[in-house]
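Per-entry structural report
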Amino acid sequence: MPDQQKFQSSVLSPHNSLLITGGAGFIGANFVHYWVKKYPQDKVVVLDALTYAGNKANLTGLENHPGFHFVHGDIRDYDLALSLLQENQIDTIVHFAAESHVDRSIHGPDAFVDTNIMGTHTLLKAAKTTWLDKSSSALSPQSSPFRFHHISTDEVYGSLGPDDPGFSETTAYAPNSPYASSKAGSDFLVRAYYKTYGLPMTISNCSNNYGPYQHPEKLIPLLILNCLEGKPLPIYGDGLNIRDWLYVEDHCRGIDLILKKGRIGETYNIGGNCEKTNLEVVHAVCAILDELQPLSSQSSVHSPQTSSFNSYSSLITHIKDRPGHDRRYAIDATKITGELVYAPVESFESGMRKTVGWYLENLEWCKTVMGENYQEWIEQNYS
Ligand code: NAD
Ligand code: TYD
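Keep in mind that this is a model prediction, so the values were computed, not measured.

1. Description of the site of ligand 1
- Inspection of the region around ligand 1 gives 29 residues, with Ile27, Asp48, Ser100, Tyr179 and Lys183 positioned closest.
- Residue alanine 49 places a main-chain N or O atom 3.1 Å away from a nitrogen atom belonging to ligand 1.
- The side chain of serine 100 places a nitrogen or oxygen atom 2.7 Å from an oxygen atom of ligand 1.
- For ligand 1, whose free accessible area comes to 830 Å², the fraction covered by protein is 96%.
- At the level of elements, helix 2 (26-38), strand 5 (147-153) and helix 6 (178-197) are the ones that each hand at least two residues to the shell around ligand 1.
- Examining the composition of the shell around ligand 1, we find that three residues originate from one element, strand 5, more than from any other.
- For the shell around ligand 1, a count of residues per class yields 13 nonpolar, 12 polar and four charged.

2. Observations regarding the packing of aromatic side chains
- The tally for this structure, following the rule as stated, stands at 19 aromatic pairs.
- Over the face of the ring belonging to tyrosine 268 we find lysine 335, whose NZ or CZ atom lies 4.8 Å from the ring centre.

3. Description of the sheet that holds strand 11 (residues 267-270)
- In space, the seven strands of this open sheet follow the order 3-2-1-4-5-6-11, with parallel pairing throughout. Each end of this open sheet is capped by a strand with a single partner; those strands are strand 3 (68-72) and strand 11. In this sheet, adjacent strand axes meet at a mean angle of 20° when their direction is disregarded.
- Pairing geometry for strand 1 (residues 17-21) and strand 4 (residues 92-95), over four bridges, is parallel. Note on strand 4: the bridge partner recorded for isoleucine 20 is valine 94.
- Packed on one face of the sheet, helix 5 (residues 110-133) meets strand 1, strand 4 and strand 5 and runs near 165° to strand 5.
- Of the strands in this sheet, strand 4, strand 5, strand 6 (201-206) and strand 11 are in contact with helix 8 (residues 248-261), which crosses strand 5 at around 145°.

4. Things to note about the confidence of the model for the protein chain
- Looking at the protein chain, pLDDT values average 92 and 89% of them are 70 or higher.
- Between residues 1-13, whose pLDDT stays under 50, and residues either more than four places distant or in other chains, the model counts 21 contacts.

5. What to know about the pattern of salt bridges
- One pass over the structure, following the stated rule, counts 18 salt bridges.
- Residue glutamate 229 is joined to lysine 231 by a salt bridge in which the shortest nitrogen-to-oxygen separation is 2.9 Å.
- In this structure lysine 231 comes out as partly exposed when scored by relative accessible area, which is 36%.
- For glutamate 266, the salt bridge goes to lysine 335, with nearest N and O atoms at 2.6 Å. In this pair, glutamate 266 is assigned in the loop between helix 8 and strand 11 and lysine 335 in helix 10 (residues 334-339), connecting sequence segments 69 residues apart.
- Bridged by salt links that share partners, the residues Arg263, Glu266, Lys335 and Glu339 form one connected network.

Calculation rules
Residues numbered from 1 in each chain as written. Chains lettered and ligands numbered in written order. Predicted model: local features only at pLDDT ≥ 70, side-chain atom pairs only at ≥ 80, totals over all residues. Heavy atoms only, no water. Near = heavy atom within 4 Å. Polar contact = N/O pair within 3.5 Å; in protein donor to acceptor, adjacent residues only side chain to side chain. Areas by Shrake-Rupley, 256 points an atom, 1.4 Å probe, with all protein chains shown as cover. Helix = DSSP H or I, 4+ residues; strand = E, 2+ residues; numbered from the N terminus. Nonpolar A, V, L, I, M, F, W, Y, C, P; charged D, E, K, R; others polar. Phe/Tyr/Trp six-rings, centres within 6.5 Å; stacked < 30°, edge-to-face > 60°. Lys NZ or Arg CZ within 6 Å of the ring centre and 35° of its normal. Pairing = 2+ DSSP bridges. Axes fitted to C-alpha atoms, helices over the stretch in contact; angles between N-to-C directions. Contact = heavy atoms within 4.5 Å. pLDDT = per-residue confidence, 0-100. Salt bridge = Lys/Arg side-chain N within 4 Å of Asp/Glu carboxyl O. Buried < 20%, exposed > 50% of the residue type's maximum accessible area, 1.4 Å probe, protein only.

The following block contains the structure:
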């Protein structure tokens, strides 16, 4: 069957065919599990380069799902992207793949520009070729059966003062780290492909996620694992930087709503309505662990710092601040709340309990994803 005809039939299909980039990473994997459970009839193709942050173990359990396919590949590979879109009759791209760790972007910004800007542009070109240039239908973006949904971050808006209102969709971009700047660049490209070529797109900018499958070098898993090993809990500067914490499944629900009901060409901010200082976060993690895994019961935790204390919070260690460390992020979620009737389900307390519980039950997973590269990186940054 010629490509064009195959394509037209997918438009009539009652089910969707999704390409999920970065689906072996933290949020992507949570989204794949969420989607396959909620929409089992859909086809889900995951494209992931399996960098240090991506792991097939994050997708365990999906191997035998009939609509699920994993492709080990790079979003910067135009021919691969094109063939995946065409052969799988993809109608929806959910684009998570990125270099995502601010600290890594400070030490090595090149990969951030390559993947986040060039990679996003490669995907946009492939989507344009497949959905617009090869399509005979002259549908407006608003009535198109296709969708490019781009996952972005609140970090593109820069840093807030203590009394500033939260970031809204009209807040001017002011990214401060190489990571945030590369995400801002990718957001602008997605916007340009809509404005210039009519590519049907939506963007979501969300706050800090936490939950299962987050790589152990990010703040919350790092705190949990260091507690269990009796290692210092490294807190940058005074620990009073504020983030708006969002449980990852609540983020997935928000993306689902945008895909199903969001307006083409629009950006939606997704937040947890949950501003916490880093010190509040570390104390919350320690309090849950003090209850679930008391220090007295942990024969493995014998460090000079814990021997005379009975709380993991004794491990808190203030270290040199991150350069350009944004002081405060907060999301004004009025748009998605009102227009798409979105609200996070988890409170900080319930989400954090689920998260700590998940890591305690999945220590084997932690070992699997912490390869040599991770150890090397930790030694460079925290020793
Ligand atoms: P992550 O680092 O855990 O996962 C990124 C995934 O992308 C990994 O599986 C990795 O292998 C893959 N990847 C990287 N480069 C690739 C390439 N060139 N080709 C194909 N795959 C590649 O990231 P995450 O925390 O899950 O974040 C997902 C998205 O959400 C990112 O776009 C990030 O900017 C955004 N975001 C994350 C947060 C957060 O708190 N984690 C907050 C706001 C926005
Ligand atoms: P991070 O997870 O890197 O997210 P962000 O992109 O918001 O910077 O860090 C969350 C916050 O925790 C941020 O203010 C930096 C801080 N942090 C520490 O204090 N120590 C650490 O070891 C890490 C990884 C982060």
